[in-house]
Amino acid sequence: MGLDEYMALCLGDRQDGYYPQAGRLGPRGDFITSPEISQMFGELLGLWLALWWQSSGSPAPLPVVELGPGNGVMMADMRRAARAVPAFAEALVPLFYETSPALRAEQRKHHPDAQFIDRLVDAPKAPVAFVGNEFLDALPVQQFTFHDGRWLQRLVGHEDGVLRPVIDPHGPDAAALLADRVPDTPPKEGDILEVAIAAEGVIAEVAAHIKSHGGVALFIDYGSAAAKDYGSSLQAIAAHQRVDPFADPGNADVTAHVPFARLATVAERAGVKVAPVLTQGAFLMRMGLGARAQALTEASPADASKLGRVVHRLTAPDEMGELFKVIALVPSAMPLPPVFQDVANERKGA
């Protein structure tokens, strides 16, 4: 089977997949995301949404569709921050794009009023705010190997009782599919090209909705903002450790880095405006993470050291600050959203 099909089964199979099983997220699970690290992360996203809402005509109601919402903690933090702008808090309608029954049950605990959609096309035909944190990285990728002058799809095979990547040397050439995806540097024998085909589809759907109905999208994930290069970014995490992606299917979180430059191209082709890609560290600090941590420290001096560690983990280049990126989409006729407009102005004046 193709690597994309393998990833889809490992993560989403209703019976044996990774995400349909409960207890995977958080310190006691296999990995921890920014919302579990600190409530400040979701609060700042909620504040960002409120600022965008005020600058965009204050559409009401405003469905906020969270993609891959985990246990619902981030939405809870966003809604708590939204109370600082009462009219926005009243307008906000939480919607979850979630396929896992176990996770839906967790999300309902935090948000009894939440609604769920099974497909992005089911989002309300009105301005919508789409938000996704560490969602795109879990979408299946395809990989291709350059062999004897052709691009062959990388498959997952079963040899001697072990799963491993293989290619069919007599398989079809994928050159047509990869026509505008191959880096400028000519490939060498054995080079691997990774294509985030599912993430491209999600971005295209979200962009099409924003183009037709208005709204905004904000995605935070790990990956590169540079042009695509050769190589595999496939990885798996279990018990907070890197593991072999093929060793224990269904019991590890299998992901790949997000190609932000390619996704920006996909969004622009779909007819929306793409904000400059920012690092997570830059975005959070511009949104006031330092000031928020200082305010919490003043309220509880005993937590100063803990809060300092949190800020470091979320923003430092050697932690999540550089590897994680933030991208935003808006209608082509609208100005760039808060923070991103300031960055664009600064880059233009530099």
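Criteria and thresholds
- Position labels on residues start from 1 in each chain and follow its written sequence.
- Residue-level local features of this predicted model are given only where pLDDT is at least 70; pairs of side-chain atoms are given and counted only at 80 or more, and the full residue set underlies all totals for whole chains, interfaces and linings.
- The side-chain quantities take in all heavy atoms of the structure and omit both hydrogens and water.
- Helix and strand assignments follow DSSP, with helices taken as H or I runs no shorter than four residues and strands as E runs no shorter than two, numbered in order from the N terminus.
- Working definition: with a 1.4 Å probe on protein chains only, accessible area under 20% of the residue-type maximum means buried, over 50% means exposed, and in between means partly exposed.
- Here the aromatic set is Phe, Tyr and Trp, taking the six-membered ring for Trp, and pairing holds for ring centres within 6.5 Å; pairs whose planes are under 30 degrees apart are stacked, those over 60 apart are edge-to-face, and all others are tilted.
- At least two DSSP bridges between two strands are required for those strands to pair.
- Orientation is described by lines fitted to C-alpha atoms, with helices fitted over the stretch in contact, and by angles between N-to-C directions that extend from 0 to 180 degrees.
- Should any heavy atoms of two residues lie within 4.5 Å, those residues are considered in contact.
- A helix is expected to span 1.5 Å for every residue after the first.

Novice: For unusual backbone geometry, give the residues involved together with the corresponding values.
Specialist: A cis amide bond links Ala 60 with the next residue in sequence, Pro 61, at an omega value of -5°. Turning to its location among the elements, Pro 61 is positioned in the loop between α3 (39-55) and β1 (62-67). Its identity as a non-glycine residue notwithstanding, Asp 148 has a phi of 55°, on the positive side. Under the relative-accessibility criterion, Asp 148 is labelled exposed at 59%.

Novice: Residue-level account of the packing of aromatic side chains, with values.
Specialist: One pass over the full model with this rule turns up eleven aromatic pairs. Aromatic pair Phe 283 and Phe 340: ring centres 5.8 Å apart, planes at 35°, arrangement tilted. With Phe 283 in helix α9 (residues 280-286) and Phe 340 in helix α12 (residues 340-349), the pair connects residues that are 57 residues apart, well separated along the chain. With respect to burial, Phe 283 and Phe 340 carry one shared label: buried. Site record: aromatic cluster; members linked through ring pairs are Trp 48, Phe 283 and Phe 340.

Novice: How would you explain the sheet that holds strand β5 (residues 142-147) if you had to name every residue and give the values?
Specialist: The strand order across the open sheet built from four strands is β7-β6-β5-β8, with neighbouring strands paired in antiparallel fashion. Strands at the two margins of the open sheet, each flanked by one partner only, are β7 (162-167) and β8 (192-195). On average, each strand axis in the sheet is inclined to that of its neighbour by 35°, with strand direction left out of account. In terms of strand pairing, strand β6 (residues 150-159) meets β7 through six bridges, oriented antiparallel.

Novice: Quick one: what's the story with the environment of Met 7, residue by residue and with numbers?
Specialist: Relative to the helices and strands, Met 7 is located in helix α1 (residues 3-12). Judged by relative accessible area, which is 0%, Met 7 ranks as buried. Setting aside residues up to four positions removed in sequence, Met 7 forms contacts with Ala 138, Leu 139, Pro 140, Val 141, Leu 234, Val 254 and Thr 255.

Novice: Quick rundown of α3? Include the residues and the values.
Specialist: The periodicity of an α-helix, 3.6 residues per turn, causes residues three or four places apart in sequence to face the same way. Helix length check: α3, at 17 residues, gives a terminal C-alpha distance of 25 Å against a target of 24 Å (1.5 Å per residue), a fit within 8%. When you tally the buried positions in α3, you get twelve out of 17 residues, the bulk of the element. Among all positions in α3, only Met 40, Phe 41, Gly 42, Glu 43, Leu 44, Leu 45, Gly 46, Trp 48, Leu 49, Ala 50, Trp 52 and Trp 53 are buried.

The values reported here are purely geometric and, on their own, carry no functional implication.
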